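Remarks on the overall topology
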Amino acid sequence: MDILFDNLPGLLIAIPLLGAFLTPLLSRAGDSVRNTWVLIITGLSSVCGLLVASRVLETGTIVYTFGVNTVSNIIPPDSGGIPIRIIFTIDPMNAFMLIIAAIVGFCITLYSVSSMEKLSGKDGFFTLVLLLIAGVYGMIATGDLFNFFVFLEISSLAGAALVAYRIDKGVAAEAGLKYAALSTIGGMLFLVGVGLLFAQYNSLNMAVIADRMQLTGLDIIAFVLFFTALAMKCGAVPMHFWTPDSYAMAPSAITAFLVVSSQASLYALFRVCFTLYGGQINPLTVGWVIIILGILSMFIGVTMAIPQKDVKRLMAYHAVSQTGYMLLGVGVGLAALSSTCLSQSIGIMALKGGLFHIMNHALYKGLLFLTAGVIFYRCGTRNLNQLGGLGHNMKWTMVFFMIGALAIAGIPPFNGFASKLMIYESTFLFNPLLAVIAMVVSILTLASFVKVFHSMFMGPKLPEYEDVKEAPTPMLIAMGILAILVVLFGIFPQQVVDALVAPAASALIDYQGYITAVLGGA
Amino acid sequence: MIDNLPFLVVAITILLGLYAILLRKDLIKMIMGISLLESGVNLFLIALGYRWDSIAPIFTGAPSLAMVMPTVQALTLTSIVIGVATLALLLSMVMIIYRYYRTTDVREVTKLQG
């Protein structure tokens, strides 16, 4: 039993990878065998993720080294002090992201087992889903730059293939091509950055590079490359053009997880800014660049969302806009922490708000995309002009949509309010104009979702949807889990912030702690 | 000066790749650009680890001379494998697009806009 617990971080990747490649084999035995298998595998990997996260929160950073007997042996004795081994470094920040991936990962598999029922090609679909989950776990957990690149590519390839999975007269393939091409270019930029750092510091290990970082000219070039690549992947505004296409065309369950995979890139962006270049870059400049990206994403995302007719495309633009809030929170955190005239607590609060918003966004956005998926599953269209009166027959879906919509608009007592309030309060003290823009965007979001709610669920029954049925039970359960969490996190925000977000925020700031955890105080 | 020649080639390859991605109007040519970009990056990694007058990093019966850096070669190998997978995925998507749209011109592959 002990050996199992010691190797949990390894199992985190091993379980979904093994599951993915056995799925086509087990599909030969029939649909129900495969569905059970896929559910067991994602259930196990989610449990694994939650266990790892709880251990990290209890006992501090876990450093897991691959290919050694004693888990702590990071630097091989015969290597002359150069850590050449592949490691996973999981500190409270990573644990925070792992919890998000574990919850959403399980819900989307449960959902897609039911939503894919009538469709063909399920073997490949579930294989790719498990690969996507493995890729995202890897991106979150790894402590090695090249390893991050590999997992980034695994998740991008699986994600692009899933976006294009329902070819849909070539339109989905078009969206998938955009996503794949952009991810590849982003990945290559990232790899050049990795090469530049390796050339100077002879290591790929994040902690070692952070320890040796000197901020030469080449390092600044590498920083710009990392920043561009990761901002591209997380869908911040000047590079957001792929988001609406791929989010709208992917099957809904996949969209919910693509949100998490974008957030894994966002996490990596923060990791690069705070840990890899910790204390070296000019926090005010980088902070303001992040803030400007955030403001642009918020504003352009929401204004593009308002005229949309396709409900998923509309939600995708809102996802861009919500990413802006996270960037704003963390950017203000970075800039305020370095400022001498503002107190540290403002920076910490902004950082906490930004991070808490990541978790809340994953939950309510996942919920919203899943409800949009139910509508498409039952009615066969995503066009808002053709939908109407669904509230009579789809009561639960309507309730879940309402919870998600109120949460994204930042209405109390849902979780979106809790994190947005933290962002408003701290941003207002940093620069009132930013807080005003954030509130205006929030109001526009509410306006847009009132419109969607009205045109989908309200009004008399339409003749073509006279006997439309409620979603199947597994889909309702998946949405229910997310909805309950949205409400719980909204009612008890302080407990969640204290238990999960505050450790994550302090781990992100404390780059010395990260280095010491890996190098053992050396 | 001659030491920096590989990096010059790297720069030229990457710039050619970016040129093809940004300015060509044909999907296949854009993918060729992505492929060029990948080759440029791979060459960059290999050139980083190379040392003049050194031998391949194989320890069995090796003379005691300086060896080239093996880590970047391992990275390049991984990156080549990933590149093949990406290229196959991209080209298969272009095939599907061509089957439905009868064109690979980016100006006409625009059903998703707005």
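Residues numbered from 1 in each chain as written. Chains lettered and ligands numbered in written order. Predicted model: local features only at pLDDT ≥ 70, side-chain atom pairs only at ≥ 80, totals over all residues. Heavy atoms only, no water.

**Re the interface of chain A and chain B**
We count it as follows: Contacts are assigned to residue pairs that have any heavy atoms within 4.5 Å of one another. Accessible-area loss on putting two parts together, using a 1.4 Å probe and summing over both, is the definition of buried area adopted here. Under the rule applied, a polar contact is a pair of N or O atoms within 3.5 Å (in protein, one hydrogen donor and one hydrogen acceptor; residues adjacent in sequence only if both atoms are side-chain atoms). By the criteria applied, helices consist of DSSP H or I runs no shorter than four residues and strands consist of E runs no shorter than two, each listed in order from the N terminus. By the convention adopted, Pro, Cys, Tyr, Trp, Phe, Met, Ile, Leu, Val and Ala count as nonpolar, Lys, Arg, Asp and Glu as charged, and the other residues, Gly among them, as polar.
In this assembly, 37 residues from chain A lie in contact with 33 residues from chain B. Interface area for chain A against chain B, summed over the two sides, is near 2900 Å², with a carbon-plus-sulfur share of 83%. Of all residues in chain A, Glu174, Leu177 and Met188 of chain A give up the largest surface area on contact with chain B, accounting jointly for 21% of the area buried on that side. Counting across the interface, chain A meets chain B through one residue pair in polar contact (both at pLDDT 80 or more). Looking at the side of chain A that touches chain B, the elements that each hand over two or more residues are helix H6 (145–163), helix H7 (171–201), helix H10 (242–249) and helix H13 (311–338) of chain A. The greatest single-element share of the side of chain A that touches chain B, amounting to 18 residues, is contributed by H7 of chain A. For the side of chain A that touches chain B, the per-class residue count stands at 25 nonpolar, six polar and six charged.

**Details of unusual backbone geometry**
Residue and element names in this part refer to chain A. Spelled out, the test is: For each residue, the accessible area found with a 1.4 Å probe, counting protein chains only, is set against the maximum for its type, and the residue is called buried under 20%, exposed over 50%, and partly exposed in between.
Of the consecutive residues Pro412 and Pro413, the connecting peptide bond is found in the cis state with omega at 0°. Among the structural elements, Pro413 can be located in the loop between helix H15 (395–408) and helix H16 (415–430). The phi dihedral of Asp168 falls on the positive side, at around 55°, and the residue is not glycine. Relative to the elements of secondary structure, Asp168 occurs in the loop between H6 and H7. Judged by its relative accessible area of 42%, Asp168 is partly exposed. Of note in the backbone geometry, Lys169 takes a positive phi value of approximately 55° without being a glycine. With respect to the helices, strands and loops of the structure, Lys169 is situated in the loop between H6 and H7.

**Some thoughts on the pairing of strand S1 (residues 62–65) of chain A**
Residue and element names in this part refer to chain A. Keep this limit in mind: By the convention used here, strands pair only if DSSP detects at least 2 bridges between them.
Residues Ile62 and Tyr64 point to one face of S1 and Val63 and Thr65 to the other, with burial holding for every one of them. Of the pairings in the sheet, the one linking S1 to strand S2 (residues 87–90) comprises four bridges and is antiparallel in character. The residue bridging Val63 from the neighbouring strand is Thr89, located in S2.

**Remarks on empty space enclosed by the protein**
Residues and elements named next belong to chain A. The test is simple: Only protein atoms enter the 1 Å grid used here, on which a cavity is any set of points holding a 1.4 Å probe that cannot leave and a pocket is any open set flanked by protein within 12 Å on both sides along at least five of seven lines; residues with an atom within 4 Å of a point are listed as lining. Grid points are joined across faces, edges and corners, and a volume is the space filled by probe spheres set on the points.
A full pass over the atoms with the stated rule returns two cavities of 30 Å³ or more. Taken as a whole, the largest cavity holds about 80 Å³ of empty space. Contributing to the lining of the largest cavity are 13 residues, with Cys234, Tyr247, Ser262, Ala319 and Thr323 lying nearest its centre. Elements that contribute at least two residues to the lining of the largest cavity include exactly H10, helix H11 (252–276) and H13. Contributing elements (two or more residues each) for the lining of the second largest cavity: H6 and H11. Counting residues per element, the lining of the second largest cavity draws most heavily on H11, at five residues.

**Describing the UniProt feature "transmembrane region" (unreviewed entry) in chain B**
To keep things clear, this is the line we draw: UniProt positions are given in the numbering used here, feature names are shortened, and annotations may be inferred rather than shown by experiment.
In this numbering, the UniProt entry assigns the feature "transmembrane region" (unreviewed entry) to residues 6–23, 30–52 and 72–98 of chain B. Within the segment residues 30–52 of chain B, helix and strand shares are 87% and 0% respectively, and the terminal C-alpha atoms sit 35 Å apart.

**Some details on the packing of aromatic side chains**
To describe a pair of aromatic rings, one takes the distance between the centres and the angle between the planes. Residue and element names in this part refer to chain A. Basically, it comes down to this: What counts as a ring pair is set by centres within 6.5 Å for rings of Phe, Tyr and Trp (its six-membered ring), and what kind of pair is set by the plane angle: stacked under 30 degrees, edge-to-face over 60, tilted for all other angles. The criterion is that NZ of a Lys, or CZ of an Arg, lies within 6 Å of the ring centre and within 35 degrees of the ring normal, and then a charge sits over that ring.
Going through the model one piece at a time under the given rule, you end up with 20 aromatic pairs over all chains. Members of the aromatic cluster, each reached through a chain of ring pairs, are Tyr64, Phe66, Phe88 and Phe151. Directly above the ring of Tyr377 sits Lys118, whose terminal nitrogen or CZ lies 4.7 Å from the centroid. Directly above the aromatic system of Tyr325 lies the positively charged group of Lys420, at a separation of 4.6 Å from the ring centroid.

**Re the nonpolar core**
All names here are of chain A. Worth spelling out the cut-off: To qualify as a nonpolar core, a set must consist of buried Ala, Val, Leu, Ile, Met, Phe, Trp, Tyr and Cys residues joined through side-chain atoms within 4.5 Å.
By size, the foremost hydrophobic cluster in this structure holds 218 residues, and its most contacted members are Phe96, Leu197, Tyr277, Leu355 and Phe401. Tallying contributions element by element places H7 first for this core, with 19 residues. With near-sequence residues (within four places) excluded, Leu197 lies in contact with Leu145, Asn202, Ile209, Met213, Asp219, Ala222, Phe226, Leu276 and Tyr277. Counting residues in each nonpolar core, the second largest holds 18 residues, with Val332, Ala335, Tyr424 and Leu434 among its members.

**Describing helix H14 (residues 344–379) of chain A**
Residue and element names in this part refer to chain A. Heads up, the rule is: A helix's residues, less one, multiplied by 1.5 Å, set its expected span. A residue's bend is simply the angle between two axes: one fitted to the seven residues ending at it, one to the seven starting at it.
If you check H14, its first and last C-alpha atoms are 52 Å apart, about what 36 residues at 1.5 Å a residue would give, namely 52 Å. The axis of H14 is deflected most strongly, by about 25°, at Asn360. Most of H14 is tucked away: 29 of the 36 residues are buried. Positive backbone phi, approximately 75°, marks Gly380, located one or two places after H14.

**Topic: the side chain of His318 of chain A**
Residue and element names in this part refer to chain A. Considering the arrangement of structural elements, one finds His318 in helix H13. When its relative accessible area of 0% is taken as the criterion, His318 is described as buried. For His318, the contacting residues outside a window of four places in its chain are Val302, Ala305, Lys365, Ile408, Thr445, Ser448 and Phe449.

**Overview of the pattern of salt bridges**
Residue and element names in this part refer to chain A. We apply this condition: When a carboxyl oxygen of Asp or Glu lies within 4 Å of a side-chain nitrogen of Lys or Arg, that pair is called a salt bridge.
The full count for this structure, using the stated rule, is eight salt bridges over all chains. The partner of Arg34 in a salt bridge is Asp31, and the shortest N-O contact between them spans 3.2 Å. Of this pair, Arg34 and Asp31 both sit in helix H3 (residues 31–59), separated by three residues, roughly a single helical turn. Note on Arg34: relative accessible area 1%, which makes it buried. Looking at Asp31, the relative accessible area reads 41%, which means it is partly exposed.

**A look at the packing of H13 of chain A against helix H17 (residues 432–457) of chain A**
The relative placement of two packed helices is expressed as an angle between their axes plus a distance between the axes. All names here are of chain A. In plain terms, the rule: Here the axes come from fitting lines to C-alpha atoms, over the contacting stretch only for helices, and the angles between their N-to-C directions go from 0 to 180 degrees. Oblique is the label for any angle not covered by the other classes, which are roughly parallel (under 35 degrees), roughly antiparallel (over 145) and roughly perpendicular (65 to 115). Each crossing gets its hand from how the near helix is turned against the far one by less than a right angle, where anticlockwise is left-handed and clockwise is right-handed.
The N-to-C vectors of H13 and H17 enclose an angle of 160°; their axes lie 11 Å apart at closest approach. As judged from the angle between their axes, H13 and H17 are roughly antiparallel. In the crossing of H13 with H17, the sense of the turn from one axis to the other is left-handed. On H17, the residues touching Val311, Leu314, Met315, His318, Ser321, Gln322, Tyr325, Leu328 and Val332 of H13 are Leu434, Ala438, Val441, Ser442, Thr445, Ser448, Phe449, Lys451, Val452 and Met456. Along the lines of polarity and charge, the residues of the contact of H13 with H17 split into 12 nonpolar, six polar and one charged.

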